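# Notes for the structure review
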Amino acid sequence: MKKFIALLSASVLLCSATVSASSPSAQAVLASAGFSDAGDAQAAANRGMSAGEYYNNTVVTTPGVENAMPVGQGGKIVVNGVATNLTATLSKVDKDLAADAVSQAAALGGSLLNVISISIPNANFNVATVNFYLKGLAGGTKVVAKQLINGVWVDVEIVEIREDHVVLNLTGSGAIAFVALP
């Protein structure tokens with residue numbers, strides 16, 4: 001009888017043992033997506049960007065733009081002729097604006113490399129000279145830059161075009177389309 005009670009007690013204990021599985025922490029989920037904290041994840045979501053795009057201040061893909069050329073900005077903006085340590089903030093545009101930029105590029109007889117939205121935080125400027133990194137842009141490529149101002153695509157002054165770079169003189173923030181011409 002003692003053996004029976006001992007076996008019964010052991011089986012009850014074994015069967016009643018709870019199985020616990022720990023769920024990943026919020027920090028682990030963010031880390032798996034490439035984010036270091038929830039604030040960065042929200043900021044990236046607000047700009048329509050992945051973790052890689054957000055941390056590198058680069059727009060790699062744009063909805064509605066086939067074979068978009070990655071566009072980045074790394075700082076050292078010249079504001080009103082004075083070198084600064086400012087960095088522009090890049091964001092993705094929505095699909096409708098991208099479609100409008102594709103149409104604008106076609107009207108120019110060219111192809112849209114990419115379209116981005118830019119803002120220059122904490123800068124009051126008449127002219128900001130901004131160096132954009134366009135990964136894969138060949139030296140000698142003819143490029144036109146257009147900025148959407150009050151619903152109209154206007155020319156942006158190009159300072160320099162070289163391999164992987166287009167330097168623009170901007171007079172304000174907003175959507176910028178980079179168009180390769182034949």
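Attention here is on the structure that accompanies the text. (Residues numbered from 1 in each chain as written. Predicted model: local features only at pLDDT ≥ 70, side-chain atom pairs only at ≥ 80, totals over all residues. Heavy atoms only, no water.)

To continue, consider the overall build of the protein chain. Looking only at helices and strands, the protein chain features 5 helices and 12 strands. Across the 182 residues that make up the protein chain, the buried fraction comes to 38%. Look at the contacts in the protein chain between residues 6 or more apart in sequence, and 65% of them connect residues 24 or more apart. Carbon and sulfur atoms provide 57% of the accessible area of the protein chain, an area that totals close to 10,300 Å². (Helix = DSSP H or I, 4+ residues; strand = E, 2+ residues; numbered from the N terminus. Buried < 20%, exposed > 50% of the residue type's maximum accessible area, 1.4 Å probe, protein only. Contact = heavy atoms within 4.5 Å. Areas by Shrake-Rupley, 256 points an atom, 1.4 Å probe, with all protein chains shown as cover.)

Within the structure shown, the criterion is met by 2 aromatic pairs. Pairing Tyr 54 with Tyr 55 gives two aromatic rings, centres 5.3 Å apart and planes at 70 degrees, and the pair type is edge-to-face. The partly exposed category is assigned to Tyr 55, whose relative accessible area is 38%. Considering the side-chain rings of Phe 132 and Phe 178, the 5.2 Å spacing of their centres and the 65 degrees angle between planes classify their relative orientation as edge-to-face. Here the residue Phe 132 occupies a position in strand β7 (residues 128-134), and Phe 178 occupies one in strand β12 (residues 174-181), the gap between them amounting to 46 residues. (Phe/Tyr/Trp six-rings, centres within 6.5 Å; stacked < 30°, edge-to-face > 60°.)

On to the environment of Asn 67, then. The topology assignment puts Asn 67 in the loop between β1 (58-59) and β2 (71-73). Judged by relative accessible area, which is 76%, Asn 67 ranks as exposed. As a C-alpha pair, Asn 67 and Leu 112 span 45 residues in sequence and 9.2 Å in three-dimensional space.

Turning to the sheet that holds strand β8 (residues 142-149), a few remarks are in order. Spatially, the 5 strands line up as an open sheet ordered β5-β6-β12-β8-β9, and their pairing is antiparallel. With one partner strand each, in any of the chains shown, β5 (89-91) and β9 (152-155) form the two edges of the open sheet. Across the sheet, the mean angle separating the axes of adjacent strands is 35 degrees when strand polarity is ignored. Bridge count between strand β6 (residues 111-119) and β12: 7 bridges; the pairing is antiparallel. Across the sheet, residue Asn 114 finds its bridge partner in β12, namely Phe 178. (Pairing = 2+ DSSP bridges. Axes fitted to C-alpha atoms, helices over the stretch in contact; angles between N-to-C directions.)

Turning next to the environment of Thr 84. Within the fold, Thr 84 resides in the loop between β4 (82-83) and β5. The class of Thr 84 is partly exposed, set by a relative accessible area of 24%. Along the sequence, Thr 84 and Ala 123 sit 39 residues apart, while their C-alpha atoms lie 9.9 Å from each other. Each residue touching Thr 84, except ones within four places of it in the same chain, is listed here: Lys 76, Ile 77 and Val 79. A polar contact of 3.1 Å, which involves the side chain of Thr 84, links it to the backbone nitrogen of Leu 86. (Polar contact = N/O pair within 3.5 Å; in protein donor to acceptor, adjacent residues only side chain to side chain.)

For the rest of this paragraph, the subject is the side chain of Asp 164. Structurally, the position occupied by Asp 164 is in the loop between β10 (157-162) and β11 (165-170). Of the side chains with opposite charge, Lys 135 lies nearest to the buried Asp 164, which makes no salt bridge, at 8.5 Å. If near-sequence neighbours (up to four positions away) are discounted, Asp 164 is found in contact with Phe 132, Tyr 133, Leu 134, Lys 135, Gly 136 and Leu 137. (Lys, Arg positive; Asp, Glu negative; His and termini not counted. Salt bridge = Lys/Arg side-chain N within 4 Å of Asp/Glu carboxyl O.)

For the rest of this paragraph, the subject is the nonpolar core. Formed by 30 residues in total, the largest nonpolar core has its most connected members in Ile 116, Ile 118, Phe 132, Leu 134, Leu 168 and Phe 178. Going through the elements one at a time, β6, β7, β8, β11 and β12 are the ones with two or more residues in this core. Leaving out residues up to four positions away in the same chain, Phe 178 has contacts with Val 71, Ser 111, Leu 112, Leu 113, Asn 114, Ile 116, Phe 132, Leu 134, Val 144, Val 166 and Leu 168. With 13 residues, the next largest nonpolar core counts Val 65, Ala 68, Ala 98 and Val 179 among its residues. (Core = buried A, V, L, I, M, F, W, Y, C linked by side-chain atoms within 4.5 Å.)

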